[in-house]
Every structure is written in C-alpha cells, then in structure tokens.
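One letter stands for each residue in the lines below.
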Amino acid sequence: MTTSPGAALVAMRAANPLVQCITNYVAMNVAANTLLAAGASPAMIHAAEESGEFAAIAGALTVNIGTVSPAWVEGMVGAIDGALAAGRPWVLDPVAASATTYRRAVTGRLIDLAPTVVRGNASEILALAGGGGGRGVDATDSVAAAEAGARALAAERGCVVAATGAVDFVTDGVRAVRIAGGSPLMPRVTALGCALTCLVGAFAATVPDPFDATVAALTTFAAAGELAAQDADGPGSFGWRFLDALAALGAKAVDTSVLVTPA
Amino acid sequence: MTTSPGAALVAMRAANPLVQCITNYVAMNVAANTLLAAGASPAMIHAAEESGEFAAIAGALTVNIGTVSPAWVEGMVGAIDGALAAGRPWVLDPVAASATTYRRAVTGRLIDLAPTVVRGNASEILALAGGGGGRGVDATDSVAAAEAGARALAAERGCVVAATGAVDFVTDGVRAVRIAGGSPLMPRVTALGCALTCLVGAFAATVPDPFDATVAALTTFAAAGELAAQDADGPGSFGWRFLDALAALGAKAVDTSVLVTPA
Amino acid sequence: MTTSPGAALVAMRAANPLVQCITNYVAMNVAANTLLAAGASPAMIHAAEESGEFAAIAGALTVNIGTVSPAWVEGMVGAIDGALAAGRPWVLDPVAASATTYRRAVTGRLIDLAPTVVRGNASEILALAGGGGGRGVDATDSVAAAEAGARALAAERGCVVAATGAVDFVTDGVRAVRIAGGSPLMPRVTALGCALTCLVGAFAATVPDPFDATVAALTTFAAAGELAAQDADGPGSFGWRFLDALAALGAKAVDTSVLVTPA
C-alpha cells in the first residue's frame, strides 16, 4: 500500500467527503452514525427522481440491497449511472445475494454496472463468484473458503473485492491482504457490515487507489471494534462504544492495533 | 406448559432460527438487534417479488403493519402465503389496528390469513376482537380489560393471542396465563413491542406448541427488561442495557425472575 | 413569550400529545424515542391511504423530506390537507432543500401548503428564502448568515421559521430570539435535527402560540443536549444520554441552563 490506513483516515477526515448511501432500512441510522463518527458526511438520497443528479454532487456512492424492491432498484441504477458519468467510485453490498430468484437477478444487474468495490460476507462473495451462498443475511461460509472466489471475481470484474468476517480478505485480483482484528461482538450488532460498506465509500471518495481505500476502511473499522470491545458488556453497549471509538480513533491506533498481512 | 421458558430460550439459541421480519421502519433496527441479542437470525426481506420464496427458507415469519402501505401489504400477503404453503408459523402485530379505515381493512385482510399468533397491546387486541381500540400506537386500554376479548379472538380464529402491557395475557382460547415482569421503562422505548413480536417468531420457529413459544418469548423479554432496569437511568440507557441483558440472560434467570400464573 | 419554555414542557408532558411524524428512514427511530423521552406520543403513519384521516386524530403533524419519493409526497400532501382541515398545526423540515431539481420542486409544493413552522439548518432556510443552500444534508452556512432570510421567509409565508445550529434563531417575522445552548456533539449524531422537528410538533400541539411552542421545543432540546454532553465520551454515548436527559429534564433546568435572548 502507498498510504497507511491511519494516514488515510486522517486524510478522509480532513476531506469530510459527502457519501451517498443507498442502503437498507435496518442499516440507515447506524450507517449514517458510523460515517459521522468517522468524519464523513452521509446522505441517504435514493429515489430515482434525484439519485443520479445527487451522485454527481457526492464524492462516492454505496449501494446495498438488503431491503430492495423494484422502485429502489431504479433509484440505485440511476445513482450508479450518475456516479459513473461523474467519475465517482461506487461500492456494492450484495446482501443475501443468492437467497431468492429476485435477489440473484438484482445482484446480476448491479454487478454488470462496474462497481469500484464489492464488499460482502463470505457467502455473498461466493454467490457472486458463482460458488454457492448462504441461507439468509448471515454468512454460513468462512472467509478463508471465499478467498479464491474473491480473487476470481476481482479479476473478472476489474474491481476490488472485500470478503469480511473474523479475518477480512481484500483483493483487486493481483494484490491481496488479510486483516485480522475487530471483535466477536460485531456480528451480534445488526447492520455493522452495511455500515462498513458506507465507510468504504467514504475512503474511496478520498483515497485514489480503491484497494488502499478499502484496506484503510476495513482496518479503521476493525481498530474501532477492538477499542469498543474492551469495555463492552454485550451487543448493546458495544453499539454505542463502537461509535465513540470510531470518533476517538487516531492514526497510530489504526496502524498498530490491527494486523494487515499480504495474502 | 410442557417446556419452561428458560429451557425454550436455550433450545431457541441452539437452533439459531432464521426469522423473516416484515416490520415497520421505526422497529427494523431494534427488532433485528433484539433477535441477534437473543440468539436468532433476523432477515427483513419484504418485497412481493421475493417475500414468499424467502418465507419457505425462514423458520418463521412476523408481520407488523406499523408503517404499512399498499406495496408492503402485497409483500406481506406473499410472505404469508409462502409461510403457510411451507408449514411455517407466522405472527401478526396489528399496530394501531383501528386507527383508520385503511388500517382496519388491512388488519381484516391479514387476520383472515390464519396467523399462528397475534401479539398486540390491549387496545389493538380489543380492536381485533370487535371491542374498540386506541387513538394511536399506544394502548389506551388495560390488558385486564382485554382478557375476555383475547380469549374470544383466540377461540374464533384458532390462534394464540397475546395482549402485552405491564402484565401480559396469553391464551389459545383454552389455556391462559398472565406474565408479570418487565419494567415501566419499556413503553418509553419505541418499538420494543414490535421487537417482541419478532422474538415470538423466533420461539415459534423452534418450540412446537405456539402457546408455549409465545409464553417463552414474553417471559424472556420480561426477564431481560427487569435485568436492564436495575442499572438504567432512563429510556436511553435502558435501550442498550436491554440488549446486553437479553444476550446475557440464562435459563434460570428467565424461570425465576418473572411470574407466570394460570389465568 | 407568554409561556416559559420550562412551563411549556410541563404542559406538553401533561397533555401527552399524539404527533404524526412523516419523517425520513434514518430519523424514524430516534425521532420516536425523542418524543417518548420528552413525554409525547409519536405515530409514523405516512401512506396516502390513511395519512389525512390520521392527521385529524393527531394533535400535530410534522413532515420531513430527507428520504422523499413520489409515493411519500402524496402521503405528505394528504396528511397536510387533513391537518389543515382539522385545524392542526404542521411543521416542515426541508432537508437538503436545494440539493436537486426534484427536491426543490417537492419543497416548493410543500411550502405552498401553509406550514405553521419551518425548521431547518441555515443552508436549508437560506434555500427556502431564495438565497442559496448547501451541498448535502449538513449546513454549509452559519445561522447568523441566515437570520435575514429567516425573517423574510417568515413574513412572506406567515409562519414561524427556525434556523438551528450552534446558536438557533427563531422568528415569526416580527418577534425573534436567539437560543444558545446544546453541544458540539449534536451534529455528530445523525437525525437529531429531524427529531427536533418532531419535538416542535409536540409543543405546537399543546402551546397555542407557534412561536412560543418553537422556542420551547428548541430550548428543551438544547438543555437536554447540555446535560447529556456533561458525561458523554463521544457521539455514541451522547445519543443515549440525550434521551435520558430529555426524560429527566425539569422545568427549572430548561429555564436556567439555556440562554434565550431577543434578536
């Protein structure tokens, strides 16, 4: 990496990027609070009537299909078209990608629109790579089992792919790293993965290399998770401690508390 | 009851049931966090394009009309049809059932689709039993005043009916219990009742008898509320302490801290 | 003012007004919790099929365009028509009013429906007053720079206008005050401004003079913010401490901790 995750966090905060987050109903509040705590500025504008126009104003776009419906797909596609036309990065979060026929069709339509980054759990990445997928929104596969699929997907699509879990895996098809950190409480709080996707958008808006941006976002997130877990008594206290940690986190803590290793 | 609520909680956690929750926008996040803290796996998939297909994958379905609109009704009906075809239990939460003409029509349509369990506040249960109803989403009647209506509704519809409040009442038309526990802070936190409906779904997915499942869910919820209230300074701190309590709660605490009495 | 903010809070709690809040997906949960903590009763009923009928039942209506789409505009207009016909006050929150062509059109349509109060950040108020506007949902102008625009807008539309920020400005075109209080953590928590709009609705439902009602709501909010900030370690802990503070707040604390000065 040319930029350390900690340095990328400092640069992101200084830029305070406006990030358009089209995400699911469960995630909206926690995703917005995650971006605000980290130092970015979220906007959840989604309707097809304005999503494309707004994408040109924002620094990056994130699209999450968790509670998708036809009207929202039109808003997503409009926003993606706007982002592509304006040269903005966009991040795809293919929640429960293979759970239903409809979801597979939506995911297939969106992946063809050249995402800059795809972030999902292991089962979702495997589903996109043509190798299976889980029953619901939670991963039933390990990240280790999704590494080959992630590499293949990144190479085929020319994008960065991040499979996140206890140890994250990030690749652009050539480079690859594993990121070890975070806390077992993180999957016990709903929509933290969705919030992470929005944070990847914030970094992608400010760090030129999408691979570095993704690694920086995941490392920052894992560092905040470790800090929050120190005093958390369960998923409820972890939730607000995570936001406090994200807001308090310095560059040095990011670069020293989470292990990023070439893969 | 053939199963103690505490034993049912242990069984539910071991099964980690996937619960499809079609709920309102206010409740989505807290409902998902409630299920995760308790040990279930929530999925908020709602669109008519996929809700029925997904209902066959999930272990149970819950339907809440809090912020209902026509497109969502189609998603609800599709999911219910899917759940019924797959033999899955489904739980109805008739929020503000009698507040408007539209809401009465929606409630009437859904109650005709054979819910396994109906959970509401006293005013909502009275509205369904043909005996009145409140002004908004909060109960303006006591649970005691709704007991006869709950019994009649359960007998007429062949389902379990739970009217919840300071003391809950659960009946299948023959059996009936009162559950005394929880905290006065619970109605000061929005959507906890909606979250409870989703938790009833989690228990209904794993406990064969819907009456036992409902009693177990309400008892677990009340026990967590009591635990959370011990150190809460208001509705804000109660909110996250409730999730911590739900995650930490053992079978013994469930079976000893909440009074369940035949009615 | 004929009523002190603290006295207005006591009166509002005693009345426990039902407030219909049509707000954005990000804000729904925190807005409902804010009203419950303060002592009001929220209902998020929004669909055009029932929003107008419900507006006559509620004591006030609030409308927020944060995540607006065409179907929601119809629900908003139906609710506003119902509120006007029933003589209920209604409050407009023009989130990111000038960000897109669509948003400008929606805002223009709603402002023509005679809101009782308009509450926004400085950029949003300037946009409505015909003088600019920011890039996203966050203010890029100071409240001081929006005072003249707020006065002109209030005089032109015959409504109360509140531009909120580090120091709030409230005017009905003739009277005007500045309210200094709150905490720098407040803009770090998403949707607190949207929640404040709903709280203005609660006060407008019970305090006859909309100017006094708006001042009381903003003063109460600022007092709770100051109290919450005393022990908060960041935006996460501020969030729940704010709800605890709002619930615990007495009339005296409201009237002594926040400076309200004629402007």
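Residue numbers restart at each chain and count upward from 1, following the sequence in its written direction. Chain labels run from A onward and ligand labels from 1 onward, assigned in the order the entries are written. It should be noted that, the model being predicted, local features are given only for residues of pLDDT at least 70 and side-chain atom pairs only at 80 or more, the latter also being counted only at that level, while totals for whole chains, interfaces and linings use all residues. Based on all heavy atoms of the structure, the side-chain values leave hydrogens and waters out of the count.

**Here's the deal with the overall build of chain A**
We apply this condition: For helices the rule is a DSSP run of H or I covering at least 4 residues; for strands it is a run of E covering at least 2, with both sets numbered from the N terminus onward. Between the two quantities, the radius of gyration covers C-alpha atoms and the globule rule is 2.2 Å times the number of residues to the power 0.38. Under the scheme applied here, a residue whose accessible area is under 20% of the maximum for its type counts as buried, over 50% as exposed, and between as partly exposed, the area being computed with a 1.4 Å probe on protein chains only. Pairs of residues are marked as contacts when any of their non-hydrogen atoms sit within 4.5 Å. Each accessible area is a Shrake-Rupley estimate made with a 1.4 Å probe; only the visible protein chains count as cover when residues are assessed. Neither His nor the chain ends is counted toward charge; the positive residues are Lys and Arg and the negative residues Asp and Glu. Note that the charge is assigned to NZ on lysines, CZ on arginines, CG on aspartates and CD on glutamates.
Scanning chain A from terminus to terminus reveals eleven helices and nine strands. The C-alpha radius of gyration computed for chain A amounts to 16 Å, which stays within 12% of the reference 18 Å derived for 263 residues, consistent with globular compactness. Split into buried and exposed, the 263 residues of chain A put 62% on the buried side. Of all intrachain contacts in chain A linking residues separated by at least 6 positions in sequence, the fraction that spans at least 24 positions is 70%. Accessible surface computed for chain A: about 7,900 Å², of which carbon and sulfur atoms make up 56%. Separation between the mean location of the 14 positive side-chain charges and that of the 21 negative ones in chain A comes to 4 Å.

**Observations concerning the interface of chain C and chain A**
Stated formally: Should a side-chain nitrogen of Lys or Arg be within 4 Å of a carboxyl oxygen of Asp or Glu, the pair is scored as a salt bridge. Polar contact is the term for a pair of N or O atoms within 3.5 Å; when the atoms are in protein, one must be able to donate a hydrogen and the other to accept it, and sequence-neighboring residues count only if both atoms are side-chain atoms. Lys, Arg, Asp and Glu make up the charged group, whereas Ala, Val, Leu, Ile, Met, Phe, Trp, Tyr, Cys and Pro make up the nonpolar group; the residues left over, Gly among them, are polar.
The interface of chain C with chain A comprises 28 residues on the first partner and 27 residues on the second. If you look at where chain C meets chain A, you find one salt bridge. Here C:Arg103 ties to A:Glu50 by a salt bridge, and the two come within 2.5 Å at their closest N and O atoms. Viewed at the interface, chain A and chain C are joined by ten residue pairs in polar contact (both at pLDDT 80 or more). Elements with a contribution of two residues or more to the side of chain C that touches chain A: helix 5 (101–111) and helix 10 (235–248) of chain C. Looking at the side of chain C that touches chain A residue by residue, the class counts come to twelve nonpolar, ten polar and six charged.

**Focus on the relation of the copies chain C and chain A**
Our working rule: Each copy is superposed on the other by least squares, with the fit set by C-alpha atoms of residues at a pLDDT of at least 70 in both.
It takes a turn of 120 degrees to lay chain C on chain A, together with a shift of 0.0 Å along the axis; the resulting RMSD is 0.0 Å. The two molecules are tied by a three-fold rotation axis, judged by turn and shift. When C-alpha positions in chain C are compared against the rotation axis, the closest is assigned to C:Tyr25, at 3.8 Å. The overlap is low: 7% of the interface residues of chain C also sit at the interface in chain A, so different surfaces are used on the two sides.

**Digging into the interface of chain B and chain C**
The cut-off we apply is this: Buried area counts how much accessible surface, traced with a 1.4 Å probe, disappears from two parts once they are put together, with both parts' losses summed.
In this assembly, 28 residues from chain B lie in contact with 27 residues from chain C. For the pair chain B and chain C, the summed buried area comes to about 2,300 Å², and 58% of that belongs to carbon and sulfur atoms. Applying the counting rule to chain B against chain C returns one salt bridge. At the junction of chain B with chain C, the criterion picks out eleven residue pairs in polar contact (both at pLDDT 80 or more). When residues of the side of chain B that touches chain C are traced back to their parent elements, those giving at least two are helix 5 (101–111) and helix 10 (235–248) of chain B. The residue inventory of the side of chain B that touches chain C, partitioned by class, reads twelve nonpolar, ten polar and six charged.

**Concerning empty space enclosed by the protein**
Here is the rule we go by: Buriedness for pockets is judged along seven lines, at least five of which must meet protein on both sides within 12 Å for an open set on the 1 Å grid over protein atoms alone, while cavities are sets there where a 1.4 Å probe fits but cannot get out, and lining residues have an atom within 4 Å of a point. Grid points are joined across faces, edges and corners, and a volume is the space filled by probe spheres set on the points.
Overall, the coordinates contain six cavities of 30 Å³ or more when judged by the stated rule. What the largest cavity holds in volume is close to 860 Å³. Along the wall of the largest cavity there are 36 residues; nearest its centre are A:Asn29, A:Asn33, A:Trp240, B:Asn29 and C:Asn29. Here the lining of the largest cavity is composed, by residue class, of 20 nonpolar, 15 polar and one charged. If you add up the space inside the second largest cavity, you get close to 60 Å³. In terms of lining residues, the second largest cavity is bounded by A:Tyr25, A:Asn29, B:Tyr25, B:Val26, B:Met28, B:Asn29, C:Tyr25, C:Val26 and C:Asn29. Residue composition of the lining of the second largest cavity, by class: six nonpolar, three polar and no charged.

**Regarding the nonpolar core**
How we decide: The nonpolar core is taken to be a set of buried Ala, Val, Leu, Ile, Met, Phe, Trp, Tyr and Cys residues, with the residues joined through side-chain atoms within 4.5 Å.
Of all hydrophobic cores here, the largest spans 306 residues; its most connected members are A:Leu110, A:Phe203, B:Leu110, B:Phe203, C:Leu110 and C:Phe203. If we skip the residues at most four places from it in the chain, A:Leu110 touches A:Val63, A:Ile65, A:Met76, A:Val77, A:Ile80, A:Trp90, A:Leu92 and A:Pro115.

**Here we look at the sheet that holds strand 5 (residues 117–121) of chain A**
Residue and element names in this part refer to chain A. To keep it simple, the criterion reads: A pair of strands counts as paired when DSSP detects no fewer than two bridges linking them. Axes here refer to lines fitted to C-alpha atoms; in helices the fit is confined to the stretch in contact. Angles between the N-to-C directions go from 0 to 180 degrees.
Strand order in the open sheet formed by nine strands is 2-1-3-4-5-6-7-8-9, and the pairing between neighbours is mixed. Edge positions in the open sheet fall to strand 2 (41–43) and strand 9 (259–262), since each of these has one partner strand only. Pairs of neighbouring strands in the sheet enclose a mean axial angle of 20 degrees, with direction left out of account. In the sheet, strand 8 (residues 176–180) pairs with strand 9 via four bridges, with the strands oriented antiparallel. The residue bridging Ala180 from the neighbouring strand is Leu259, located in strand 9. In the packing of helix 4 (residues 70–85) onto the sheet, the strands contacted are strand 1 (18–22), strand 3 (60–64) and strand 4 (90–93), and the crossing angle to strand 3 comes to about 155 degrees.

**Considerations on the environment of A:Gly165**
Residue and element names in this part refer to chain A. Turning to its location among the elements, Gly165 is positioned in the loop between strand 6 (160–164) and strand 7 (167–171). On the basis of relative accessible area, Gly165 is assigned to the partly exposed category, the value being 40%. Expressed as a C-alpha distance, the spacing of Gly165 and Leu259, which sit 94 residues apart in the sequence, is 14 Å.

**Thoughts on unusual backbone geometry**
Of note, A:Asn16 is a non-glycine position whose phi angle comes to about 45 degrees, a positive value. Assessed through its relative accessible area of 31%, A:Asn16 is described here as partly exposed.

**Some details on the confidence of the model for chain A**
Condition: By definition, pLDDT measures how confident the predictor is in each residue, and it falls between 0 and 100.
For chain A, per-residue confidence averages 95 on the pLDDT scale, and 96% of positions sit at 70 or higher. Interface scoring of the predicted complex returns ipTM 0.96; its pTM is 0.97.

**What about the packing of aromatic side chains?**
The condition is simple: Two rings belonging to Phe, Tyr or Trp (six-membered ring only in the last case) form a pair when the distance between their centres is within 6.5 Å. Interplanar angles under 30 degrees mark stacking, angles over 60 mark edge-to-face geometry, and anything in between is tilted.
Tallied over the full model, the rule gives 18 aromatic pairs over all chains. Here B:Phe238 and B:Phe242 contribute two aromatic rings whose centre-to-centre distance is 5.9 Å and whose plane-to-plane angle is 20 degrees, an arrangement assigned as stacked. Taken as a pair, B:Phe238 and B:Phe242 lie in helix 10 at a separation of four residues, close to a single helical turn. Judged by relative accessible area, which is 0%, B:Phe238 ranks as buried. For B:Phe242, a relative accessible area of 1% corresponds to the buried category. Among the aromatic residues, those joined into a cluster by ring pairs are A:Tyr25, A:Trp72, B:Tyr25, B:Trp72, C:Tyr25 and C:Trp72.

**As for the sheet that holds strand 3 (residues 60–64) of chain B**
Consider a sheet: its strands pair through backbone hydrogen bonds, and that pairing is either parallel or antiparallel. All names here are of chain B. If you walk across this open sheet you meet the nine strands as 2-1-3-4-5-6-7-8-9, and the pairing is mixed. Two strands bound the open sheet, and with one partner strand each, they are strand 2 (41–43) and strand 9 (259–262). Taking each pair of neighbouring strands and ignoring which way they run, the sheet shows an average axis angle of 20 degrees. Two strands pair when backbone bridges link them, and strand 5 (residues 117–121) and strand 6 (residues 160–164) are joined in this way by five bridges, in the parallel orientation. Residue pairing across strands places Val118 opposite Val161, the latter belonging to strand 6. Packed onto the sheet, helix 7 (residues 143–157) meets strand 6, strand 7 (167–171) and strand 8 (176–180) and runs at close to 15 degrees relative to strand 7.

**Thoughts on the pattern of salt bridges**
Tallied over the entire structure, the rule returns 24 salt bridges over all chains. Among the ionic pairs, A:Glu147 bridges to A:Arg178, the shortest N-O distance being 2.7 Å. Note that A:Glu147 is positioned in helix 7 (residues 143–157) and A:Arg178 in strand 8, a separation of 31 residues in sequence. Given a relative accessible area of 14%, A:Glu147 falls into the buried group. Accessibility expressed as a relative area gives 30% for A:Arg178, which makes it partly exposed. Close ionic contact of C:Glu156 with C:Arg157 constitutes a salt bridge, the shortest N to O distance being 3.9 Å.

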